[in-house]
Amino acid sequence: MDHFMNPRNVGEIPDADGAGTVGNQVCGDVTNVYIKVTDGRISDVKFKTFGCGAAIATASMTTELALGKTLQEGLAITRDAVADALDGLPESKLHCSNLAADALHAAIKEYMAKN
Amino acid sequence: MKRIYLDHAATTAVDREVVQTMIPYFAETFGNASSLHSFGRDAMHALGAARQTVADALGAETGEIFFTSGGTESDNLALKGVETGHIITSLIEHPAILNTCRYLENHGCDVTYLPVDSGGLVDPGNIESAIRNDTKIISIMHANNEIGTIQPIAEIGTIARDNGVLFHTDAVQSFGKTETDLQKMNIDMLSLSSHKIYGPKGVGALYVRDGTEIEPLMHGGGHESGLRSGTENVAGIVGFAKAASLAIERFESDTRHLTNLREMLINGVMDTIDDVHLNGHPTKRLPNNVNLRFDFVEGEAMLLHLDLRGIAVSTGSACSSASKDPSHVLLAIGLAPENIHGSIRFTLGRENTSEDIEYVLGVLPEIVGKLRAISPLVSKGSSRGSSSG
């Protein structure tokens, strides 16, 4: 609930090293994740989300988990890890937690493809 | 924390006067209204008085009032009780009608689902042209549960009458909030629910005009003149009748009060938040319904923020809010799915005050501003959001 009320790492990184967008407006969920990479680690990460409370909270938690991690560690962050870190999510909300992890993975993969 | 209930289309608190009226019917006058002894007769008298009260509230005869378990059962009874044939309804009916129609389609009926305009109104001309030789019934809700649009019921009733077709209306949301005249509106059947009018849950009624042929859903001991078997819920029915009489008694003060609060809320939001739209009809609308669409934000996130501030609202209808499918009503008025997700329904009630609305107007701009600040849909560099956030 705290990550919904006071989401961490909100924003965009204009000169991001990698960016990922998952979801679409028609379904009611869009999450963008931006990363900066320094010495193989995620040195900065920001997100923006249009979605329900769970989508916002999981995006915030995902960025918290990703910050300072190596790219491989970032790719290993799963929706289950995010849900666990938030002390569980209702069944109907599990798909929301996929969004943020998927957007993070997309951002990392974009960086890897460029470098 | 202050708690403000703005979800009266979902359900209402039972009026304290109604509760007091019901209490003797649990442990004292508890008899089975079918029993011949004095316990049973007492219950039967209470039932008769309640039927008279509901009949008076509608301007009907007692023999035309059949108590049911609520709006859903009344809708089912009205449609399934009529012999098979062609049914005309609209795309924005309550699921109790739409899903009953789908069931009947699988059982030999043919159903025409009429579109509505951007305000949610059915065009009576479309009804007239949809009538066929085998059309048995037209079912159009009096007022919509999500957007509050009030249909031209009298015109539709006249068309039905002129064409010899039965006319049913679901008045669950409208009763006590806009005028219902069974005669002027040529209504043959009408569904009512108690818990939407400050009565208890689990009780309602179907008005069936004298002479209308209708078959029961429930077979058994022949209660309710054979149309609805099952021992009557006397306490619930007594409470429902009290709630119905209060709704009529307070009709003018309620509608005036609700209209004032509605306008205060709509105008207040429009004045303080940019990129907001009113869903539904600007004038042909229930006095207690405010359905607003906020661009760039998602409704459920707004609902959660409001809930954390003690304010209860709804996204779409409460019955279906477990699903994230866009509202069938908002789709029918022509909104794109991406716009529907930002819609919130506030439904006001008798106990709400202007202080309640002020409180909502005080917290809403900040909530919308906060969510827009994290929304990827707000275009970069725009100053959109709320004037305060």
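Please read these numbers as outputs of a predicted model, since none were measured by experiment.

Visitor: How would you summarise the overall build of chain A if you had to cite specific residues and measurements?
Guide: The helix and strand tally for chain A stands at five helices and three strands. Secondary structure elements of chain A occur, N-terminal to C-terminal, as α-β-β-β-α-α-α-α. Relative to a compact globule of 115 residues, whose C-alpha radius of gyration would be 13 Å, chain A shows 13 Å and is just as compact. Dimensions of chain A, computed from C-alpha atoms along their principal axes, come out at roughly 40 × 30 × 20 Å. Split into buried and exposed, the 115 residues of chain A put 48% on the buried side. Taking as baseline every contact in chain A between residues at least 6 positions apart, the subset at least 24 positions apart corresponds to 60%.

Visitor: Outline the confidence of the model for chain A, listing residues and values.
Guide: For chain A, mean pLDDT is 90; residues scoring 70 or higher make up 97% of the total. Averaged pLDDT values over the elements of chain A bottom out at 84 in helix α4 (residues 79-85) of chain A and peak at 96 in strand β3 (residues 41-50) of chain A.

Visitor: Give me the lowdown on the interface of chain B and chain A, citing residues and values where you can.
Guide: Taken residue by residue, the interface counts 16 residues in chain B and 17 residues in chain A. The element contributing the most residues to the side of chain B that touches chain A is helix α10 (residues 299-308) of chain B, with four residues.

Visitor: Which residues make up helix α3 (residues 38-58) of chain B, and what values go with them?
Guide: Residue and element names in this part refer to chain B. Between the first and last C-alpha of α3 there are 30 Å, a value that for 21 residues agrees with the 30 Å anticipated at 1.5 Å per step. Residues of α3 that are buried include every one of A43, A46, L47, A50, R51, T53, V54, A57 and L58, and no others. The buried residues of α3 occupy an angular sector of 160 degrees when the element is viewed end-on, so they sit on one face. Relative to its buried face, α3 has exposed residues pointing more than 90 degrees away, namely S38, H45 and G48. Packed against the buried residues of α3 are α2 (24-27), β2 (65-68), β8 (204-208) and α8 (234-249). Where α3 ends, the next residue or the one after it, G59, has phi of about 75 degrees, a positive value.

Visitor: Can you break down unusual backbone geometry residue by residue, with the values?
Guide: Positive phi is not limited to glycine here, since N9 of chain A has a value of about 55 degrees. Secondary-structure assignment places N9 of chain A in the loop between α1 (2-5) and β1 (18-24). Since 19 C-beta atoms lie within 10 Å of it, N9 of chain A is described here as partly exposed. Positive phi, normally seen in glycine, also occurs at Y198 of chain B, with a value near 70 degrees. In this fold, Y198 of chain B is placed in the loop between β7 (189-193) and β8.

Visitor: Give a description of the domain arrangement of chain B that names residues and reports values.
Guide: Residue and element names in this part refer to chain B. Assigned domains within chain B: domain 1 (16-249) and domain 2 (251-373). A straight line from the C-alpha centre of domain 1 to that of domain 2 covers 28 Å. Counting residues at the interface gives 25 residues for domain 1 and 25 residues for domain 2. Residue composition of the side of domain 1 that touches domain 2, by class: twelve nonpolar, eleven polar and two charged.

Visitor: Please give an account of the confidence of the model for chain B that cites residues and values.
Guide: Residue and element names in this part refer to chain B. For chain B, mean pLDDT is 94; residues scoring 70 or higher make up 95% of the total. Within the model, pLDDT remains below 50 along residues 317-321, and this stretch shows nine contacts once partners closer than five positions in the same chain are excluded. A low-confidence stretch, residues 380-389 (pLDDT under 50), is modelled with 24 contacts involving residues beyond four sequence positions or located in other chains. Here the predicted complex carries an ipTM of 0.90, next to a pTM of 0.93.

Visitor: Mind laying out the packing of α3 of chain B against α8 of chain B, listing which residues take part and the relevant values?
Guide: All names here are of chain B. Contact geometry for α3 and α8: axes closest at 9 Å, N-to-C directions at 30 degrees. If you check the angle between α3 and α8, you find them roughly parallel. Helix-helix and strand crossings are classified by hand; for α3 and α8 the assignment is left-handed. Residue-level inspection shows A43, A46, L47, A50, T53, V54 and A57 of α3 in contact with α8, the latter providing V234, I237, V238, A241, A244, S245, A247 and I248. Here the residues of the contact of α3 with α8 are counted per class, giving 13 nonpolar, two polar and no charged.

Visitor: Describe the nonpolar core, listing the residues and the values that go with them.
Guide: Among the nonpolar cores identified, the biggest contains 76 residues, and I138, Y207, I237 and V238 of chain B are the most heavily contacted of them. Looking at this core element by element, the count peaks at ten residues for α8 of chain B. Shared between two domains, this core takes at least three residues from each, and those domains are domain 1 (16-249) and domain 2 (251-373) of chain B. Ignoring anything within four residues of it in the chain, the contact list for V238 of chain B reads T21, M22, Y25, A46 and A50 of chain B. Counting 65 residues, the second largest nonpolar core, distinct from the first, contains Y34, I56 and V82 of chain A together with I357 of chain B.

Visitor: Which residues make up the environment of T212 of chain B, and what values go with them?
Guide: Residues and elements named next belong to chain B. Tracing the backbone through its elements, the reader meets T212 in the loop between β8 and α8. Sequence separation between T212 and M189 is 23 residues, and the spatial gap between their C-alpha atoms is 8.6 Å. Contact partners of T212, with chain neighbours within four places excluded, come to L166, D188 and M189.

Visitor: Before we move on, can you summarise the packing of helix α4 (residues 71-80) of chain B against helix α5 (residues 95-105) of chain B with the specific residues and values?
Guide: All names here are of chain B. It is at 9 Å that the axes of α4 and α5 come closest, and there the two elements cross at 35 degrees. Where α4 crosses over α5, the two elements pack in a sense that is right-handed. Residue-level contacts link G71, T72, D75, N76, L79 and K80 of α4 to A96, I97, T100, C101 and L104 of α5.

Visitor: Describe the sheet that holds strand β5 (residues 135-139) of chain B, listing the residues and the values that go with them.
Guide: Strand-to-strand pairing in sheets goes through backbone hydrogen bonds, with the strands running parallel or antiparallel. Residues and elements named next belong to chain B. Taken in spatial order, the seven strands make up an open sheet running β2-β8-β7-β6-β5-β3-β4, and their pairing is mixed. Edge positions in the sheet fall to β2 and β4 (110-114), since each has one partner strand and no second. Pairs of neighbouring strands in the sheet enclose a mean axial angle of 20 degrees, with direction left out of account. Inspection of the sheet shows β5 paired to strand β6 (residues 166-170) by three bridges, in the parallel sense. Bridge pairing in β6 links S139 to H168.

What counts as what
Note that residues are indexed from 1 along each chain, following the sequence as it is written. Going through the entries in the order they are written, you letter the chains from A and number the ligands from 1. With pLDDT at 70 or above as the cut-off, local features in this predicted model cover only qualifying residues; side-chain atom pairs require 80 or more to be listed or tallied, and sums for whole chains, interfaces and linings still use all residues. To qualify as a helix, a DSSP run of H or I must reach at least 4 residues; to qualify as a strand, a run of E must reach at least 2; elements of each kind are numbered from the N terminus. In this description the radius of gyration comes from C-alpha coordinates, and the expected globular size is given by 2.2 Å times residues to the power 0.38. Any residue with 12 or fewer other C-beta atoms within 10 Å of its own C-beta is exposed, any with 20 or more is buried, and the rest are partly exposed; the C-beta atoms used are placed from the backbone. It is the C-beta atoms, placed from the backbone, that decide contacts: two residues are in contact if theirs lie within 7 Å. Values of pLDDT, ranging from 0 to 100, describe the predictor's confidence in every residue of the model. Helix span, expected: 1.5 Å multiplied by one less than the number of residues in the helix. Within this analysis, the arc is defined by the directions that extend from the helix axis to the C-beta atoms. Start and end points for every domain follow an automatic or database-based domain assignment. Each residue gets one label: Ala, Val, Leu, Ile, Met, Phe, Trp, Tyr, Cys and Pro are nonpolar, Asp, Glu, Lys and Arg are charged, and the others, such as Gly, are polar. Helix axes are fitted to C-alpha atoms over the stretch in contact, other axes to C-alpha atoms as well, and angles between N-to-C directions run from 0 to 180 degrees. Every angle not falling under 35 degrees, over 145, or within 65 to 115 is termed oblique; those three ranges are roughly parallel, roughly antiparallel and roughly perpendicular. The hand of a helix crossing depends on one turn: near helix anticlockwise from the far one by less than a right angle means left-handed, and clockwise means right-handed. What we call a nonpolar core is a set of buried Ala, Val, Leu, Ile, Met, Phe, Trp, Tyr and Cys residues whose membership is set by joining through C-beta atoms within 7 Å. Any two strands are treated as partners once DSSP identifies two or more bridges connecting them.

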